[in-house]
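This is what each chain is made of:
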Amino acid sequence: MALSGMRGLSVFISDIRNCQNKEQERLRVDKELGNVRTRFKNEKGLTPYEKKKYVWKMLYIYMLGYDVDFGHMEAVSLISAPKYPEKQVGYIVTSCLLNENHDFLRLAINTVRTDIIGRNETFQCLALTMVGNIGGREFAESLAPDVQKLLISSSCRPLVRKKAALCLLRLYRKNPDVVNVDGWADRMAQLLDERDLGVLTSSMSLLVALVSNDHDSYWSCLPKCVKILKHLARNQDIPQEYTYYGIPSPWLQVKTMRALQYFPTIEDPTTRRSLFEVLQRILMGTDVVKNVNKNNASHAVLFEALALVMHLDAEKEMMSQCVALLGKFIAVREPNIRYLGLENMTRMLMVTDVQDIIKRHQAQIITSLKDPDISIRRRALDLLYGMCDVSNAKDIVEELLQYLSTAEFAMREELSLKAAILAEKFAPDLSWYVDVILQLIDKAGDFVSDDIWFRVVQFVTNNEDLQSYAAIKAREYLDKPAIHETMVKVSAYLLGEFGHLLARRPGYSAKELFKIIHEKLPAVSTSTIPILLSTYAKILMHTQPPDQELQNQIWGIFNKYESCIDVEIQQRAVEYLALSKKGAALVDILAEMPKFPERQSALIKKAEDTEADTAEQSAIKLRAQQQSSNALVLTDQRPVNGTPSSNQLTLVKVPTTSSYPDSTDQELSQTNGTLNKVDSSFPAPDLLGDLLGPLAIEGPPSFTAPASQNMTAEVDGFPNAVEAGAIVPVGKQANSVQPIGNISERFLALCMKDSGVLYEDPYIQIGIKAEWRAHLGRLVLFLGNKNTSPLVSVKATILPPSNLKMELSLVPETIPPRAQVQCPLEIINLHPSRDVAVLDFSYKFGNDLVNVKLRLPAVFNKFLQPISISAEEFFPQWRSLSGPPLKLQEVVRGVKPLLLLEMANLFNSLRLMVCPGLDPNPNNLVASTTFYSESTQAMLCLVRIETDPADRTQLRMTVASGDPTVTFELKEFIKEQLISIPAPQPPTPPSAAPPVGHPMVTTPPAFTDPGAMLAGLL
Amino acid sequence: MIHFVLLISRQGKVRLTKWYSPYTQKERSKVIRELSGMILNRGPKLCNFVEWRGLKAVYKRYASLYFCMCIDQDDNELEVLECIHHFVEILDRYFGSVCELDLIFNFHKAYYILDELLIAGELQESSKKTVARLIAAQDSLVETAKEQASSISNIIAQATK
């Protein structure tokens, strides 16, 4: 089919096609561009036909990938041509050449508006299409009302209205305010009654965008969506032309189900039921057929239905149907379905608790990791990452390692990062973790970021049990003929630090270690040499008695690098040489590294950062969040004073013999002083981060800084105990560990709710979850070790008051690294009392013995059961409980001022149910509750509070129940709460206090009204 | 939403591009380069989805041409795959068993048809019949205008004879 009537264009295209090479093509294009340019310059002579032709040529050239930096104006000017053919070309070429930010578009805005509000339907279509495709904010502001009008107009034909719907969608994306018009939600709902499926499809896309931002305004659309879906699923009144391979508009079905996913729930039972019928039909009735397109279309609908079921968190039965389907999908031959099966399984992980069922498919998923298709492998990797936990970490990580050797470069970095994170998170034992990381470096060194090996060094340094093991492993890798430079770094570091632990073994003598490490030196880059120098210095230090030959050799190396051009290398060489000639002092300064302060894994952090642009971010992130709410993810330790960098620099190990903080300080200053003579002005090494900072042991640019830093650390004492711990040998004072957060605030908060954190410090977090039924309670303590090393000597004892019988299950003596243990505590309330149970908790971390005594939130109000009470029940009770000791009244002063509403909320959270309407005086509160204990059984309690609006710091309280102790204790309890709760604002100045003994307001009795009756009774 | 549509030949020549999200000229060339590199190198019998820069390219090969639409991570991939096929069927109906040459010499027609199918990166019309009818109407409008123009020029020519 020839290009109707545009011979010039056809000829040009043919010419281009006949070009033998890129160069010829460029020449031809340049010639044409020159031609077009001159033609445009003397525009007068151009007929509309010619203009059209040249504009098309420009678009063609542009499509070929050449810069077309002129002629935009001509394209835009065609939009205002009076005739359809020119206008059409103008609109279409403009929308292809320009993007929404182009200045020329602004020039066209008026013409576009004229076309939109004009009578010519074909012009309307052209204008709406262009605005829908490239309209920006300015278009949104000036055209939205007109477009809206077209969409709902009854006189417009469907061809205009469907374009208007999508055009409005575009404008809404550019500026959401344009649709925030009163009554638009109703209009939108009306649009869903549309019979033309083209208009309905477009409107549904619009609805999806609207509800994704604000579902609340569009509840009225929900039942209509379900109705549409029902019609489609049953194939009712669907014109033949809207069925696609026998499926009633799959697109409309998908969009409708997408819209429904933005509503949090479906409350109306009828709507819900009919939706589930449809979903059930889709889930069960979708078969695999031969025709690819039919298959794709029906599965597009099926996957959307799956997503909707997941979202609605349907009855468990349907959810397990979904998992079963997905399990089937990931094993089919058709790659698209396999891909989508894996993708949706990962999504499913994040919405429901189906991990165990998904684990059954682990073998199949691992097979997908070897799929020829990288897209599928990516999905499998993500899914494996998401489903990994302690139980399957070993298998999964080993699979990932195996895959690493064959994976393409595009995936290796992600793969190694994920393997490293999983190994860290779920390591069943730490030596396995070390194995994994070393293998990782061995297999994919280029893709292992520094963070990964820094982390393994931190682990090994912090876990003494691991040190010789890691050193042996490092030595084994060094024996291999060709190893990655990262492996050289980590091995050299580990052997320098811990090689001496193995000195007795054959092959591990200082000399041998030095030899094998030094062999690597010629091949490494400048970033590795400093590490090797440090290792040499350490080896030298550990060789006791000194080996003359080794010493000379190493000194020779230091000498050689003393004049190295690389500052870092030079500095270390100079320093180590000077230090190693100091003899005994060397031992102190180069002693083993102290434990690293706990910090968030840089890897996990990195993963969180990169997840933003990798797939399935939400699944992993969500799970990460869940874990942090499970109280186990490490928090970042922020130094309280001083900058982090100085923190790193002061991590110099000081002699463990010095037991007084003062002398430590002196020694440290001396150490720094000595160093300072050697060298003072080199910049701090940030090259290798804080891992190696300490090794380099140089002082910061100004040497006084660290000393004063330490001073402040000492003076300030505990607030930065963690940093200080790195400076002063730890374990000198008991409880050098400071809690994070305020313990008593945490306790008070837990009195009001049933789960939360009871205590937290840098090493441990104690969480609580409680359930109360009548006089019984079950409270679970979650002891979470936040560290990479175990907490030992863990002890927990309960000191119960006389009114509570408490039984704590066995608390393990050791909490493994980064693990959480649960200790249930059974509680029986024997008789009413406000006494509080105490948890005496202690543990050891390194040399730190930490002991805390924590109040347990098994308090009086936990045994209350709020009960709503009617006037008919209330008054006889209130009347029958007359006077002390069953009914007590007290004027309470010094109350934290609260608005009545705030007080009502407080009462409700204390499980005293406020019964509005029982007291006619709006300043009074009446509440009722039931107290449970073994001795009293269920005991109804009634409370009345009379407040004085003029002075909120005082009130009169009356408490009544059938048991004198309950009455008294409840009264006292409420009083405590009213006085102790933290005030939202500072208390009102005393000047506002009214005269003492201000009489309470009483209303005259009027016995027709129950509230008034109450007032009369009081 | 669909961020852009690309038609690329097996040799990597661009046959049609349509951008629904704002990309600058530079970005456009980069996108085309990267994606065509990824897609053209994929073997047969693999799935029709490629993950790319936080988005997803859904593509399908028809003879010598690759049709590609790029969508958001959580969009429905199969739905878009069938959008592509829907587009191809309409082209096929219009040109009568369409081939790459048709699209080279009539690239403007392909743009017209695409505009009847997608707006704002969303499907506008799922009935092939309706799209065909609208395109035919457009063609006849252009035809009429041409006839009018030629008859006018005839009149002028005769008047000035």
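Residues numbered from 1 in each chain as written. Chains lettered and ligands numbered in written order. Predicted model: local features only at pLDDT ≥ 70, side-chain atom pairs only at ≥ 80, totals over all residues. Heavy atoms only, no water.

As annotated in an unreviewed UniProt entry, chain B carries the name AP complex subunit sigma and is attributed to Cucurbita moschata. Per its UniProt entry, chain B bears the Subunit (unreviewed entry) comment "Adaptor protein complex 1 (AP-1) is a heterotetramer composed of two large adaptins (gamma-type subunit and beta-type subunit), a medium adaptin (mu-type subunit) and a small adaptin (sigma-type subunit)." Under the UniProt heading Sequence similarities (unreviewed entry), the entry covering chain B gives this text: "Belongs to the adaptor complexes small subunit family." (UniProt positions renumbered as here; feature names shortened; annotations may be inferred.)

The name an unreviewed UniProt entry gives chain A is AP-2 complex subunit alpha, with Cucurbita moschata as the organism. What the UniProt record of chain A gives under Sequence similarities (unreviewed entry) is the line "Belongs to the adaptor complexes large subunit family." Looking at chain A in UniProt, the text filed under Subcellular location (unreviewed entry) is "Membrane, Coated pit".

A. Inspection of the pattern of salt bridges at higher detail. One pass over the structure, following the stated rule, counts 65 salt bridges over all chains. Taking the shortest distance from any N to any O, the salt bridge between Lys56(B) and Glu343(A) comes out at 2.2 Å. Note that Lys56(B) is positioned in strand S4 (residues 55–62) and Glu343(A) in helix H17 (residues 335–351), a pairing that runs across two chains. There is no split in this pair, since Lys56(B) and Glu343(A) are both buried. If you follow the salt bridges from partner to partner, you end up with Arg378(A), Arg379(A), Asp382(A), Glu414(A), Lys418(A) and Glu51(B) in one network. (Salt bridge = Lys/Arg side-chain N within 4 Å of Asp/Glu carboxyl O. Helix = DSSP H or I, 4+ residues; strand = E, 2+ residues; numbered from the N terminus. Buried < 20%, exposed > 50% of the residue type's maximum accessible area, 1.4 Å probe, protein only.)

B. Examining the sheet that holds strand S8 (residues 820–829) of chain A more closely. All names here are of chain A. Within the open sheet, the five strands sit side by side as S3-S4-S5-S8-S7. Their pairing is antiparallel. Taken across any chain shown, the strands that pair with only one partner, and hence form the sheet edges, are strand S3 (755–760) and strand S7 (804–808). Mean inter-strand twist for the sheet, computed between neighbouring axes without regard to direction, equals 25 degrees. (Pairing = 2+ DSSP bridges. Axes fitted to C-alpha atoms, helices over the stretch in contact; angles between N-to-C directions.)

C. A look at the sheet that holds strand S5 (residues 65–72) of chain B. Residue and element names in this part refer to chain B. Judged by pairing direction, the sheet is antiparallel, and its five strands sit side by side in the order S2-S1-S5-S4-S3 without closing on themselves. The open sheet has two free edges, formed respectively by strand S2 (14–19) and strand S3 (49–52), since each of these has just one partner strand. Neighbour to neighbour, the strand axes of the sheet diverge by 20 degrees on average, direction disregarded. Note: S4 against S5, eight bridges, orientation antiparallel. When the bridges of S5 are listed, tyrosine 59 appears paired with cysteine 68.

D. View of the environment of Cys941(A). All names here are of chain A. Counting through the fold element by element, cysteine 941 comes out in strand S15 (residues 937–948). Here cysteine 941 falls in the buried class, since its relative accessible area comes to 1%. For the pair cysteine 941 and valine 959, spaced 18 residues apart in sequence, the C-alpha to C-alpha distance is 7.3 Å. Dropping the residues within four chain positions of it, cysteine 941 is found in contact with Ala927, Ser928, Thr929, Phe931, Ala960, Ser961, Val966 and Leu970. (Contact = heavy atoms within 4.5 Å.)

E. Region of interest: the confidence of the model for chain A. Residue and element names in this part refer to chain A. Taken residue by residue, chain A gives an average pLDDT of 78. The fraction at 70 or more is 81%. Within chain A, the element-level pLDDT minimum falls on helix H34 (residues 644–649), averaging 32, and the maximum on helix H13 (residues 250–260), averaging 95. A low-confidence stretch, residues 611–734 stays under pLDDT 50, and its non-local contacts, those more than four residues away or across chains, total 191 contacts. Within the model, the stretch residues 983–1018 combines pLDDT values under 50 with 49 contacts to residues more than four positions away or in other chains. (pLDDT = per-residue confidence, 0-100.)

F. Broad picture of the interface of chain B and chain A. Across the contact, 68 residues belong to chain B and 77 residues belong to chain A. Here chain B meets chain A over a buried area of about 6,400 Å², counting both sides, of which 53% is carbon and sulfur. Joining chain B to chain A, the criterion identifies eight salt bridges. Joining chain B to chain A, the criterion identifies 39 residue pairs in polar contact (both at pLDDT 80 or more). (Buried area = accessible area lost by both parts, 1.4 Å probe. Polar contact = N/O pair within 3.5 Å; in protein donor to acceptor, adjacent residues only side chain to side chain.)

G. Just the packing of helix H25 (residues 464–479) of chain A against helix H26 (residues 485–498) of chain A, in detail. All names here are of chain A. Interaxial distance between H25 and H26 falls to 9 Å at its minimum, and their mutual angle equals 135 degrees. Comparing their axes, H26 and H25 come out oblique. Crossing geometry of H25 relative to H26 is assigned as left-handed. For the pair formed by H25 and H26, the contact residues are Gln467, Ala470, Ala471, Ala474, Arg475, Tyr477 and Leu478 on the first element and Met487, Ser491, Leu494, Leu495 and Phe498 on the second. Taken together, the residues of the contact of H25 with H26 break down into nine nonpolar, two polar and one charged. (Parallel < 35°, antiparallel > 145°, perpendicular 65-115°, else oblique. Left-handed = near helix turned anticlockwise from the far one by under 90°. Nonpolar A, V, L, I, M, F, W, Y, C, P; charged D, E, K, R; others polar.)

H. Broad picture of the packing of aromatic side chains. By the definition in use, this model includes 29 aromatic pairs over all chains. Measuring from ring centre to ring centre gives 5.2 Å for Trp219(A) and Phe263(A), while their planes differ by 45 degrees; the resulting arrangement is tilted. With a gap of 44 residues between them, Trp219(A) in the loop between helix H11 (197–213) and helix H12 (221–233) and Phe263(A) in the loop between H13 and helix H14 (269–285) connect regions that are remote in the sequence. With relative accessibility at 1%, the residue Phe263(A) sits in the buried group. Through pairs of rings, three or more aromatic residues link up here, namely Phe12(A), Trp56(A), Tyr60(A), Phe107(B), Tyr111(B) and Tyr112(B). Sitting over the ring of Tyr385(A), Lys418(A) keeps its end group 5.2 Å from the ring centre. Above the face of the Tyr508(A) ring, Arg475(A) is positioned so that its terminal group lies 5.4 Å from the ring centre. (Phe/Tyr/Trp six-rings, centres within 6.5 Å; stacked < 30°, edge-to-face > 60°. Lys NZ or Arg CZ within 6 Å of the ring centre and 35° of its normal.)

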